[in-house]
Amino acid sequence: MDKRPLQLHKKQLEFVLSNNRFTSFIGGIGSGKSHAGCAKAGLASGGIIGGQQVIPVPNLGVITAPTYANVRDVTLRTFQEMFAPAIRKFHKAEMRAEMINGSEILFRSVENYEVLRGINVSWWFGDEAALYHEDVWKIMIGRLRQFGRSGYAWLTTTPKGRNWLWREFVAKQRDAYRMIKARTTQNPYLDRDYVESLIEAYSGDFAAQELDGDFISFEGLIYPEFDYGTHVFQEMPERRRFKRVVAGVDWGFVNPGVVLVVGVDGDDNLWVLHEEYARKRRIEEWTAVAADLHQTYKISEFFCDPSDPDNIKHFKQAGLNAKQANNSVLAGIQRVRQQLVVRENGRPGLNFRNGSPNLIAEFSEYQWASNRDGLRDEPRKAQDHAMDALRYAVVGALGMTGVQRGGIGASTGSYIG
Ligand SMILES: Nc1ncnc2c1ncn2[C@@H]1O[C@H](COP(=O)(O)OP(=O)(O)OP(=O)(O)O)[C@@H](O)[C@H]1O
Ligand SMILES: [Mg+2]
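Predicted model, so just to flag it, every value in this text is computed and none were measured. (Residues numbered from 1 in each chain as written. Chains lettered and ligands numbered in written order. Predicted model: local features only at pLDDT ≥ 70, side-chain atom pairs only at ≥ 80, totals over all residues.)

So, on to the pairing of strand β9 (residues 152–157). Most of β9 sits inside the fold, with six of its six residues counted as buried. Burial of the side chains of β9 extends over both faces: Tyr 152, Trp 154 and Thr 156 are buried on one face and Ala 153, Leu 155 and Thr 157 on the other. Relative to β9, strand β1 (residues 22–27) runs parallel, the two being bridged by five bridges. Note that in β9 the partner of Ile 26 across the bridge is Thr 157. As paired strands, strand β8 (residues 123–127) and β9 are joined by five bridges and run parallel to one another. Counted as the bridge partner of Phe 125 is Trp 154 from β9. Once you follow β8 into helix α4 (residues 134–141) and on to β9, the crossover reads as right-handed. (Buried ≥ 20, exposed ≤ 12 C-beta atoms within 10 Å, placed from the backbone. Helix = DSSP H or I, 4+ residues; strand = E, 2+ residues; numbered from the N terminus. Pairing = 2+ DSSP bridges. Right-handed = clockwise from strand over helix to strand, strands pointing away.)

And the structure:
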């Protein structure tokens, strides 16, 4: 294995030295989660857990992230930077690293998580785990049985409300489980300006969650009808099913920017096919991303956050059909709620691909703000980035008026831009 000493901050070291069967590193944005998880993975491929040789070598491990793009651009890259000298070969088509000691590591997205049932590994590292479906956890802990021994799992993530992860690592107190928490400010390797900009961007509950890594339970949700089992699909529908494809765009830099690609089928049911969700991307990069998405999906219209006409101009100059989205917030929310209703055919009018993890997570955080009189008449301006992009796309695709009763074909979309 790599003989360079691993340099870790205090919380990362505690995590890497933990010898529990199930360990989680729960931290704020940039607290060093991916780095810590990869450190543990590199050591595990050398047979080491918690500083001791406990797994046979060579062994097989798996590293997962919410989407394929996430695995490739973040987790794999972090691992390669840290362990380059210990990797003999990386097989790109299979997303498999072959280590010098003969161990192997698979890099997988959890978009189609059912396929993970087919593997047997000694260890599993799940990055950004709060964005996974609970079934991923259930499936994966059943896969830890290479050599007929039970293996090890560790997760790293910023919390997203009190979901399954909270139940597993906080609510049920069990000996095999250990949680290590870290705040964004506890990572000394983080750029100071970046930390300052994050501190400025978050307050209240959201600062507690996003910067301190606390599990917050969010109340007064705007879309209480959203349900993972009902609204999320795994398999990509056939393209010819869609009469057109549109996109909703929310601009951001310190806050994430978002592009959602949405297919409209013959019954005016909407299918969110792709989520782009990233911080620190400039308009030039967003334009390139949007042009790529247009290549893939033939997007007829981009409905964009109207607050930044210059950005819209940028899209137009690249030949994209970009328009100002209708930004009537309450009416738009009402329109989205109508689409969430399950139709006579048993499917809702709005469906989300499992590869849209941030969008799905925002459903459990998007809340009404209480005004001075205690009235809840506008959304809190936090964790609303994918929610805004979704509203732009839905209203753009179907118009503001629409289904009242939720029957198939009852939509009278007026196709306003
Ligand atoms: N032990 C370390 N030594 C050197 N640099 C580190 C270390 N840990 C983290 N970093 C650096 O700090 C930054 C954030 O680390 P990392 O990406 O692991 O954090 P994260 O919590 O996964 O962030 P995000 O919330 O964006 O997923 C990166 O630039 C990373 O290279
Ligand atoms: Mg990370």
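This brings us to the packing of helix α2 (residues 33–45) against helix α3 (residues 68–83). Packing of α2 against α3 leaves a shortest axis separation of 9 Å and a crossing angle of 60 degrees. As the angle between them shows, α2 and α3 are arranged oblique. By crossing handedness, the relation of α2 to α3 is classed as right-handed. Contacts between α2 and α3 involve Ser 34, His 35, Cys 38, Ala 39, Ala 41 and Gly 42 from the first element and Val 74, Thr 75, Thr 78, Phe 79, Met 82 and Phe 83 from the second. When the residues that make up the contact of α2 with α3 are grouped by side-chain class, the tally is seven nonpolar, five polar and no charged. (Axes fitted to C-alpha atoms, helices over the stretch in contact; angles between N-to-C directions. Parallel < 35°, antiparallel > 145°, perpendicular 65-115°, else oblique. Left-handed = near helix turned anticlockwise from the far one by under 90°. Contact = placed C-beta atoms within 7 Å. Nonpolar A, V, L, I, M, F, W, Y, C, P; charged D, E, K, R; others polar.)

Moving on, we get to the sheet that holds strand β12 (residues 242–250). An order of β11-β17-β14-β13-β12-β15-β16 is seen for the seven strands of this open sheet, with the pairing classed as mixed. Whereas interior strands pair on both sides, the edge strands pair on one side only; in this sheet they are β11 (232–233) and β16 (322–324). Pairing of strand β14 (residues 270–278) with strand β17 (residues 350–353) involves three bridges; the strand directions are parallel. Each bridged residue has a counterpart across the sheet, and for Val 272 the counterpart in β17 is Phe 352. Seen against the sheet, helix α13 (residues 385–398) touches β12, β13 (257–265), β14, β15 (301–304) and β17 and runs at an angle of roughly 140 degrees to β12.

The next point concerns the nonpolar core. Of all hydrophobic cores here, the largest spans 99 residues; its most connected members are Ala 247, Leu 260, Val 262, Phe 302 and Ala 393. Counting contributing residues per domain, this core is built from domain 1 (10–210) and domain 2 (228–398), each supplying no fewer than three. In this view, Val 262 contacts Val 245, Val 246, Ala 247, Gly 248, Leu 270, Trp 271, Val 272, Leu 273, Ala 393 and Ala 397; residues no more than four positions away in its chain are not counted. (Core = buried A, V, L, I, M, F, W, Y, C linked by C-beta atoms within 7 Å. Domains from an automatic or database assignment.)

Most peptide bonds take the trans configuration, and most residues that are not glycine carry a negative phi. Between Val 57 and Pro 58 the backbone carries a cis peptide bond, its omega angle lying at 0 degrees. Along the chain, Pro 58 turns up in the loop between β3 (52–53) and β4 (60–65). Despite not being glycine, Gln 383 has its phi angle at roughly 45 degrees, a positive value. On the secondary structure map, Gln 383 appears in the loop between β19 (376–379) and α13.

This paragraph deals with the sheet that holds β1. Read across the open sheet, the eight strands follow the order β5-β6-β7-β4-β8-β9-β1-β10; overall the sheet is mixed. Across the chains shown, the open sheet's two edge strands, defined by having one partner strand only, are β5 (87–91) and β10 (177–182). Neighbour-to-neighbour, the strand axes of the sheet open up by a mean angle of 15 degrees, direction not taken into account. Relative to strand β7 (residues 104–109), β4 runs parallel, the two sharing six bridges. Paired with Ile 63 across the two strands is Phe 107, which belongs to β7. Most of the contacts of α2 go to β9, to which it runs at about 165 degrees, and overall it touches β1, β4, β6 (96–99), β7, β8 and β9.

Before going further, it helps to spend a moment on the domain arrangement of the protein. Once the domains are mapped, the protein shows domain 1 (10–210) and domain 2 (228–398). Here the C-alpha centre of domain 2 lies 29 Å away from the C-alpha centre of domain 1. On the domain 2 side, the residues contacting the twelve residues of domain 1 number 13 residues. Counted by class, the side of domain 1 that touches domain 2 contains four nonpolar, six polar and two charged residues.

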